[in-house]
Amino acid sequence: MLVFTLLLTLSSGAWADTDVSAQISRTLSHGPWPPAAAPDPSNRLSGKPEAIRLGAVLFGEPRLSANGGISCQSCHQPQHGWSEPKARSEGLHRLDRNTPGLLNARLQRWFGWDGANDSLWAAAIRPILAATEMGGSVAATARLLREDRPLACLVRRVDPAAATLDDEGLLVLAAKALAAFQETLISPRTPFDDYRDALAASDRAAMARYPASAQRGLALFIGRGQCATCHTGANFSNGEFHDTGLPFFVSDPGQPRRVDPGRHGGITQVLASPFNLLGRHNDDPAGAAAIPVRHVVQLHRNWGEFKVPSLRGLMATAPYMHDGSKPDLRHVIGHYSDLDEDRLHADGEAILKPLRLSDAETGDLLAFLESLSVPDDTAQRYEALRHQAASICR
Ligand code: HEC
Ligand code: HEC
């Protein structure tokens, strides 16, 4: 479909065809990759090599947890795209949600499936303090950073005046270093990016290297499937929240069923957080970063909405969705194909209709989604940073 029309159009020079030019501009809108990465103005440690190193060390530090056994890495496992293969995550207690991958997390505006945090650094404080996740405390974190010799040495290299910080200031420093490290987790270029750039350059030979099934899947993605209405831009996410018609309930054996409030609860939390961008720890209080949280309004329709995830690097991060209910991508596509209209009708997105995809179309969409993933070297770079840190401060 797309490929044949595009090749035909390119060879005949008939660029004026509006349908084709719309398809081309939609395709181009999913790039270029990688995007330009500016430092995070709310985080004075963003992009600083010493902070990135400290962040890598803290990411694997189980002493940040109450039982000394859980680190960020326990759930965000490098070999699984910085997520984990379980449906629902488990820290000190079982959680209601799936662990998201962390590749390209810096490109998000809200963090967590419900956007309960508005910065990458605040999203590092949440798991440390959450009783269900690591169960740590402000005081225990500060004590560890002051009293452990190698950690105190790394902290001094990040901020020579760290000794003057109070406990909360030290926790925030740790979180900002964790964020600086996670900002380096960017996924590499994919076959889709090569195709997209070849299209931009009208390089037909390079375009033809992208498998025909992926090209048909792309046409579905930006066309009849309407996927690109929400999965927009180079990171395939509009950064906002939608209801895709998954079941509302969380159930555990022997317990009453609960509803996950999704974005509705996330808005309550982000507004109440002392670590949001309206608070004293934002390093750029007058800047633009705090505008979204300043203007966020809680609406009834936010019930059961979850953040639109990126689709890059998906192959490593199964299972899928906020509740981990889809074991593989075929099941995700099956969900969009057979949407429960009664459930969606109640509260969900009007643009979502059951797509009733054929087997061939499902295969094409799968080929397209697979073309957004390639293996990356972030796990090796993480280990290298940790070794460096160990040789600098013992
Ligand atoms: C017990 C497992 C667990 C641990 C430990 C954990 N996380 Fe997470 N992480 C999760 C889950 C689950 C979510 C989704 C939270 C939600 O939506 O409520 C998440 C979300 C995130 C997000 C938001 C990602 C996005 O795309 O929205 C970031 C960033 C993050 N974690 C970083 C960290 C850091 C840094 C640490 C260590 C300080 C950490 N996590 C520890 C399970 C964990
Ligand atoms: C109305 C907005 C919207 C549309 C349209 C949409 N999605 Fe989604 N997508 C979402 C949201 C929101 C989630 C997360 C849902 C959740 O977990 O509750 C999601 C999740 C996913 C996931 C799981 C990713 C992960 O890491 O768990 C995949 C894959 C996906 N969508 C692909 C598609 C495809 C393919 C289409 C078109 C057939 C599509 N989406 C259409 C909003 C949308």
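Asks: Whenever I open this one, the site of ligand 2 confuses me. Can you help?
Replies: Inspection of the region around ligand 2 gives 25 residues, with C227, C230, H231, H322 and Y336 positioned closest. The contact in question runs from a nitrogen atom of ligand 2 to an N or O atom on the side chain of H231, over 2.8 Å. Between ligand 2 and the protein, one listed contact pairs a nitrogen atom with a side-chain N or O atom of Y336 at 2.7 Å. Among the elements of the structure, strand 4 (306-307) and helix 14 (329-337) are those that each provide at least two residues to the shell around ligand 2. The dominant element in the shell around ligand 2, judged by the number of residues it contributes, is helix 14, at three residues. Partitioning the shell around ligand 2 into residue classes produces 17 nonpolar, six polar and two charged.

Asks: Explanation requested: the coordination of the iron atom of ligand 2 in the structure shown.
Replies: By definition of the ideal shapes, four donors in a tetrahedron about a metal sit 109.5 degrees apart, and six donors in an octahedron sit 90 or 180 degrees apart. H231 (NE2) and Y336 (OH) make up the full set of protein donors to the iron atom of ligand 2, lying at 1.9 to 2.1 Å. Given six donor atoms and angles of 85 to 179° at the metal, the environment of the iron atom of ligand 2 is assigned as octahedral. Taken as a pair, H231 in the loop between helix 11 (212-222) and strand 1 (241-242) and Y336 in helix 14 lie far apart in primary sequence, 105 residues in all.

Asks: Mind showing me how you'd approach the site of ligand 1 here?
Replies: Near ligand 1 there are 28 residues, and of these C72, C75, H76, G112 and K307 occur at the shortest range. In the environment of ligand 1, an oxygen atom lies 2.8 Å from a nitrogen or oxygen atom belonging to the side chain of R97.

Asks: What's the story with the confidence of the model for the protein in this structure? I'm lost.
Replies: Regions with low pLDDT should not have their predicted coordinates read in detail. Taken over all residues, the pLDDT of the protein has a mean of 93, while the share at 70 or more is 94%. Note on residues 8-16: pLDDT is under 50 here. Beyond four places in sequence and across chains, it has 11 contacts.

Asks: How do you make sense of the pattern of salt bridges when you look at a structure like this?
Replies: Opposite charge on two side chains lets them pair, provided their charged atoms get close. Within this structure, the stated rule accounts for 27 salt bridges. Here E61 makes a salt bridge to R63, at a shortest N to O gap of 2.9 Å. We classify R63 as partly exposed; its relative accessible area is 42%. The salt bridge involving D252 is made with R88; its shortest N-O contact spans 3.0 Å. One end of the pair, D252, is in the loop between strand 2 (249-250) and strand 3 (258-259); the other, R88, is in the loop between helix 4 (72-75) and helix 5 (122-129), and 164 residues separate them in sequence. Overall, the relative accessible area of 12% leaves D252 in the buried class. Among the residues examined, R88 registers a relative accessible area of 10% and is labelled buried. Each of R88, R94, D96, D252 and R258 takes part in one network of salt bridges that share partners.

Asks: For this particular structure, what's the right way to read the environment of Q73?
Replies: Structurally, Q73 can be placed in helix 4. Residue Q73 is classed as partly exposed on the basis of its relative accessible area, which comes to 26%. Sequence separation of Q73 and L366 is 293 residues, and the distance between their C-alpha atoms is 29 Å. Apart from residues no more than four positions distant in its own chain, Q73 is found in contact with F59, G60, P78 and Y382.

Asks: So what exactly am I meant to see when it comes to the packing of helix 6 (residues 138-147) against helix 7 (residues 149-158) here?
Replies: Helices that pack against each other are described as a pair by the angle of their axes relative to one another and the distance between those axes. Two elements in contact, helix 6 and helix 7, have axes whose closest approach is 5 Å; the angle formed by their N-to-C orientations is 90°. Classified by the angle between their axes, helix 6 and helix 7 sit roughly perpendicular to one another. Across the interface between the two elements, L144, L145, R146 and E147 of helix 6 pack against R149, L151, A152 and V155 of helix 7. By residue class, the composition of the contact of helix 6 with helix 7 is five nonpolar, no polar and three charged.

Calculation notes
- Residues numbered from 1 in each chain as written.
- Chains lettered and ligands numbered in written order.
- Predicted model: local features only at pLDDT ≥ 70, side-chain atom pairs only at ≥ 80, totals over all residues.
- Heavy atoms only, no water.
- Near = heavy atom within 4 Å.
- Polar contact = N/O pair within 3.5 Å; in protein donor to acceptor, adjacent residues only side chain to side chain.
- Helix = DSSP H or I, 4+ residues; strand = E, 2+ residues; numbered from the N terminus.
- Nonpolar A, V, L, I, M, F, W, Y, C, P; charged D, E, K, R; others polar.
- Donors = N, O, S within 2.8 Å, 3.2 Å for Na, K, Ca; no water.
- Tetrahedral: all angles 85-135°; square planar, octahedral: opposite > 155°, others 65-115°.
- pLDDT = per-residue confidence, 0-100.
- Contact = heavy atoms within 4.5 Å.
- Salt bridge = Lys/Arg side-chain N within 4 Å of Asp/Glu carboxyl O.
- Buried < 20%, exposed > 50% of the residue type's maximum accessible area, 1.4 Å probe, protein only.
- Axes fitted to C-alpha atoms, helices over the stretch in contact; angles between N-to-C directions.
- Parallel < 35°, antiparallel > 145°, perpendicular 65-115°, else oblique.

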